[in-house]
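# Structural overview
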Amino acid sequence: MGVFRFKQFSVDDSGSAMKIGTDGVLLGAWARAAGCGTVIDVGAGTGLIALMMAQRYDNICVKGIELDGSACHDARSNVALSPWADRIEIVHDDVLAWRPDENSRMSGGALCIVSNPPFFTEQLRSPDSARALARHGGGFCVESLIEWASGIMSGPDDALSFIAPAERDDEIQYLFALHRLAPVRVTDVVSREGRAPVRRLYEVGCDSNISQPCSRDTLVIRTADGNYSPEYISLTAPFYINL
């Protein structure tokens, strides 16, 4: 795809197996980090979500964890050219073997984990190995993300936000219960008005710290006549140049 220009930054994804898509933009615009000290972008790719979170919250530090070397190189270049290079660190590592150090909580704020994880579970794999790893996950997938995050989240306001296919909700709800997490906020994403949801955005916390019912809503990307919905424009207008 090359260079994708947003209002306050640009992302070059030419070295990454997975290109910029709607899922990442939705998550980066939707995930909350108010009151957080550190945002951890798990599977950072080319740094899109890390950059979006840094733009939205000017008092946070962002750590992007990325295993693929080419994507990591792109992410570091994109961050270096952004206005927030002093607040974003891209770490080349396997997140499943990585743990945040004490500096990740040095601001005293909560920990916010965000991720656009690989979600395909079928056996058919892409012939391109890097793309297959990015899409199918290898050892990193929705299941391992939830398990890993549950072991990292220790503070009462720590949260995990991620996006996944809507049809996997039963499985994901089971994983929440298995790892003692509970949803705080869920948004169904509908590609066009009148259709079934294709994605779900989740924000979850430790179940022992949650006393309020889960907030649920629906985000329609395009209305029945094919135009972007007012809600989608409101969510993404701080980023997309043409909105």
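Residues numbered from 1 in each chain as written. Predicted model: local features only at pLDDT ≥ 70, side-chain atom pairs only at ≥ 80, totals over all residues. Heavy atoms only, no water.

## Looking at the overall build of the protein
When helices and strands are tallied, the protein shows seven helices and 10 strands. Considering the protein as a whole, with its 243 residues, one finds that 51% of them fall into the buried category. If you take every contact in the protein between residues at least 6 apart in sequence, the share linking residues at least 24 apart comes to 70%. (Helix = DSSP H or I, 4+ residues; strand = E, 2+ residues; numbered from the N terminus. Buried < 20%, exposed > 50% of the residue type's maximum accessible area, 1.4 Å probe, protein only. Contact = heavy atoms within 4.5 Å.)

## Quick notes on the environment of glycine 64
Inspection of the secondary structure assignment puts glycine 64 in strand E4 (residues 61–66). The class of glycine 64 is buried, set by a relative accessible area of 0%. In sequence terms glycine 64 and isoleucine 40 are 24 residues apart; their C-alpha atoms lie 5.8 Å from each other. Other than its neighbours up to four places away in sequence, glycine 64 contacts Asp41, Ala44, Glu89, Ile90 and Val91.

## Observations regarding the packing of helix H1 (residues 22–30) against helix H2 (residues 48–56)
Following both chains from N to C, one finds H1 and H2 inclined at 25°, their axes separated by 9 Å at the closest point. What the angle tells us is that H1 and H2 run roughly parallel. Helix-helix and strand crossings are classified by hand; for H1 and H2 the assignment is right-handed. Across the interface between the two elements, Gly24, Val25, Leu27, Gly28, Ala29 and Trp30 of H1 pack against Leu48, Ile49, Met52, Met53 and Arg56 of H2. Per-class residue counts for the contact of H1 with H2 are eight nonpolar, two polar and one charged. (Axes fitted to C-alpha atoms, helices over the stretch in contact; angles between N-to-C directions. Parallel < 35°, antiparallel > 145°, perpendicular 65-115°, else oblique. Left-handed = near helix turned anticlockwise from the far one by under 90°. Nonpolar A, V, L, I, M, F, W, Y, C, P; charged D, E, K, R; others polar.)

## Regarding the pattern of salt bridges
All told, the structure shown has eight salt bridges when counted by the stated rule. With its nearest N and O atoms 2.9 Å apart, the salt bridge here joins glutamate 203 to arginine 32. Linking glutamate 203 in strand E9 (residues 199–206) with arginine 32 in the loop between H1 and strand E3 (36–42), this pair joins segments that are 171 residues apart in sequence. By relative accessible area, which is 8% here, glutamate 203 ends up buried. On the basis of relative accessibility, which here comes to 39%, the residue arginine 32 falls in the partly exposed class. Two residues, glutamate 203 and arginine 185, come together in a salt bridge whose shortest N-O distance is 3.1 Å. Here glutamate 203, found in strand E9, pairs with arginine 185, found in strand E8 (residues 181–192); they are 18 residues apart in sequence, far enough to count as distant. Judged by its relative accessible area of 13%, arginine 185 is buried. Here the salt bridges do not stand alone but share partners, grouping Arg32, Arg185 and Glu203 into one network. (Salt bridge = Lys/Arg side-chain N within 4 Å of Asp/Glu carboxyl O.)

## Quick look at the packing of aromatic side chains
Scanning the entire structure with this criterion turns up 10 aromatic pairs. Taking the centre distance of 6.1 Å and the plane angle of 20° together, the rings of phenylalanine 6 and tyrosine 240 count as stacked. In this pair, phenylalanine 6 sits in the loop between strand E1 (3–5) and strand E2 (10–12) while tyrosine 240 sits in the segment after helix H7 (230–236), placing the two residues 234 residues apart along the sequence. Assessed through its relative accessible area of 4%, phenylalanine 6 is described here as buried. Using a relative accessible area of 13% as the deciding quantity, one classes tyrosine 240 as buried. (Phe/Tyr/Trp six-rings, centres within 6.5 Å; stacked < 30°, edge-to-face > 60°.)

## With respect to the environment of glutamate 193
By secondary structure assignment, the location of glutamate 193 is in the loop between E8 and E9. When its relative accessible area of 46% is taken as the criterion, glutamate 193 is described as partly exposed. Spatially, the C-alpha atom of glutamate 193 lies 6.2 Å from that of arginine 222, the residues being 29 residues apart in sequence. Leaving out residues up to four positions away in the same chain, glutamate 193 has contacts with Val220, Arg222, Thr223 and Ala224. A polar contact is formed between the side chain of glutamate 193 and the backbone nitrogen of alanine 224, at a distance of 3.0 Å. (Polar contact = N/O pair within 3.5 Å; in protein donor to acceptor, adjacent residues only side chain to side chain.)

## Describing helix H5 (residues 142–152)
Quick reminder: α-helices carry 3.6 residues per turn. Residues three or four places apart thus point the same way. Of all the positions in H5, only Val142, Ser144, Leu145, Ile146, Trp148, Ala149 and Ile152 are classed as buried. For H5, the elements touching its buried residues are E3, strand E6 (110–115), strand E7 (159–165), helix H6 (169–178) and E8.

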